[in-house]
Amino acid sequence: MGYGIPADNRAAKRPLGIVTKNSATSPDQVQFDPATGEITDRSTQSARAERWALKSVVNKLLTGDRVSKCMVLRAPIPGRGLSQIEVHKGKTHGKAFYHGLMACGSVWTCPVCAAKISERRRQELKQAIEAAQALDMNVYFVTLTVSHGIGDDLQELLDKQAKALKRLSQGKYSIRHQLKTLFEGIGETTPEIHGYIRAFEVTHGNQNGFHPHFHILVFTHKRLHGSILQYVYTHAWKRACRLAGLPEPSGEHGVTVQDGLHAAQYASKWGLEDEMTKAHTKKTKLKGATPWGLLRAVLDGDDPEYRPDRAGKLFQVYAKAFHGRRQLYWSNGLRALLGLSKELTDEELAAKAEDERASVLATLSPEQWRAIRRRGQEAHLLTVAESAPSLLAAVIDAACQPTRRRSERLARTTTPEGAGDPPIR
């Protein structure tokens, strides 16, 4: 079962320009607009083609879900009906994009929305670290993991992790309270934790199943050393896991604290690989897959460890478990302290115009859009709009030719005998 795409015909069904799963652009080679976070390097056109191909897999796996309607249906205009579907080209960075389509805003299950959302989030992470450095703060990169197994129920694991995480910020065993107790014990003033940004990520491994974990950028007073933070987080996380019904991490496993260099590297690269979220595209140390990797396994059908049926079912389990959960969380007051603007929701970022300065290159009828989607030409059309806009009308017309021929054949089959062409058998 290939979820509607036969294995021997899958390559033919892909949009033009799609890349193989090992040809992602290196983050160090990517160029982007610092004002918008949008990637401008032309090599990203192949990554965009892959995102649209993966999106077609999601549409089949999550039929009926909001994500299956994203970038498919026209967006409603309150009191005015439905939007027109237009092809725009930005004047700031030369990137083409669609306007007038529904956007689901799912950073977990939509490759198209996730790319847009995560690039803007990445810019905010970089700005936060730069502002912290200007204010003479320390920034630490904390990773929290838990023991897990192939037979674990993912929903139950996530719920227990959420309970454990909550204990780190509440009560006398919270991180802040334990720091206060530690420093008061040696007669010193407690260095302040100014706030944190928490990212939620997940991978899947053949040996141990789903591996959800947290990365946290912790902003502290200059006097707070990383070794102290490591000690406090390790003991607090062990206790929190035990009380939440999770296995207690052994030794220092479960918690790592790294300095500002690692924090800056994480912020600068987060969201860049394949123009999708780093959480979904990075390779695991052991053999395994990320959620986007599961979609690639369904699309390609050539991974012996993640056959299409298995990969599709795993993605459905993941999508159900992560639905409604936040990928990125800022502690209260941190944005204001660092001088950043009010945070937008994922849905607001997904719906936001990709370039406020853009020209309309084409308006697509619903019939034309259906034909373009049927042929998997969504990404190719944008590439033409960027590289050869004068050919856009001809490409749209060519994409619609098979639809016209089918309509003409259907009309001939319904023609009365003796009037015009005979019906086609």
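Going by the structure above, here's the rest.
For the structure given in this document, a descriptive report is provided here. In every chain, residue numbers begin from 1 and rise along the written sequence. Residue-level local features of this predicted model are given only where pLDDT is at least 70; pairs of side-chain atoms are given and counted only at 80 or more, and the full residue set underlies all totals for whole chains, interfaces and linings. Only hydrogens and water are set aside when side-chain values are computed; all heavy atoms of the structure are taken into account.

Digging into unusual backbone geometry
Here comes step 1: Not every positive phi belongs to a glycine, and Met 71 is a case in point at roughly 60°.
Here comes step 2: Relative to the assigned elements, Met 71 resides in the loop between helix 2 (44-61) and strand 1 (76-77).
Here comes step 3: For Asp 136, which is not glycine, the phi torsion reads 60° and is therefore positive.
Here comes step 4: Strands here are runs of E lasting at least two residues and helices are runs of H or I lasting at least four, both read from the DSSP assignment and numbered beginning at the N terminus. Here Asp 136 is to be found in the loop between helix 3 (111-134) and strand 5 (138-144).
Here comes step 5: Its relative accessible area of 49% is what places Asp 136 among the partly exposed residues. Think of it in three bands: residues with accessible area under 20% of the maximum for their type are buried, residues over 50% are exposed, and the middle band is partly exposed, with areas taken using a 1.4 Å probe on protein chains only.

Points about the packing of aromatic side chains
Here comes step 1: Ring pairs shown here join Phe, Tyr and Trp side chains whose ring centres sit within 6.5 Å, with only the six-membered ring taken for Trp; geometry is labelled stacked below 30 degrees between planes, edge-to-face above 60, and tilted in between. This model, assessed by the stated rule, comprises 10 aromatic pairs.
Here comes step 2: Each ring, one from Trp 108 and one from Phe 322, has its centre 4.8 Å from the other, and the planes form 50°; the classification is tilted. In this pair, Trp 108 is assigned in the loop between strand 4 (96-99) and helix 3 and Phe 322 in helix 10 (residues 308-322), connecting sequence segments 214 residues apart.
Here comes step 3: For Trp 108, a relative accessible area of 5% puts it in the buried group.
Here comes step 4: The buried category is assigned to Phe 322, whose relative accessible area is 0%.
Here comes step 5: Following the ring pairs from residue to residue traces out a cluster consisting of Trp 108, Phe 200, Phe 214, Phe 315, Tyr 318 and Phe 322.
Here comes step 6: The criterion for a charge sitting over a ring is simple: Lys NZ or Arg CZ within 6 Å of the ring centre, and within 35 degrees of the ring normal. Of note, Arg 239 hangs over the ring of Tyr 173, and the distance from its end group to the ring centre comes to 3.6 Å.
Here comes step 7: Against the face of Trp 330 rests Arg 335, its NZ or CZ located 4.6 Å from the ring centre.

Describing the pattern of salt bridges
Here comes step 1: We count a salt bridge whenever a side-chain nitrogen from Lys or Arg sits within 4 Å of a carboxyl oxygen from Asp or Glu. Summed over all chains, the structure comprises 14 salt bridges.
Here comes step 2: Close ionic contact of Arg 296 with Glu 50 constitutes a salt bridge, the shortest N to O distance being 2.5 Å. With a gap of 246 residues between them, Arg 296 in helix 9 (residues 291-300) and Glu 50 in helix 2 connect regions that are remote in the sequence.
Here comes step 3: Owing to a relative accessible area of 5%, Arg 296 belongs among the buried residues under this scheme.
Here comes step 4: A residue is classified by how much of its surface remains accessible, and Glu 50, at 4% relative accessible area, is buried.

Re the sheet that holds strand 4
Here comes step 1: Ordered by their spatial adjacency, three strands build an open sheet running 4-3-11, and the pairing between neighbours is antiparallel. A strand with exactly one partner marks an edge of an open sheet, and here the two such strands are strand 4 and strand 11 (358-364). For this sheet, the mean angle separating the axes of adjacent strands, direction not counted, is 30°.
Here comes step 2: Here the rule is simple: two strands pair whenever DSSP picks up at least two bridges between them. Bridging between strand 3 (residues 85-90) and strand 4 involves four bridges; their strand directions are antiparallel. Note on strand 4: the bridge partner recorded for Glu 86 is His 99.
Here comes step 3: Contact definition: two residues touch when any of their heavy atoms are within 4.5 Å. Here an axis means a line fitted to C-alpha atoms, over the contact stretch when the element is a helix, while the angle between two N-to-C directions is reported on a 0 to 180 degree scale. Helix-sheet contacts for helix 13 (residues 366-374) involve strand 3, strand 4 and strand 11, and the interaxial angle to strand 11 is about 90°.
Here comes step 4: Against the sheet, helix 14 (residues 378-387) touches strand 3, strand 4 and strand 11, its axis set at about 125° to strand 4.

As far as function goes, none of this settles anything; it's purely spatial.
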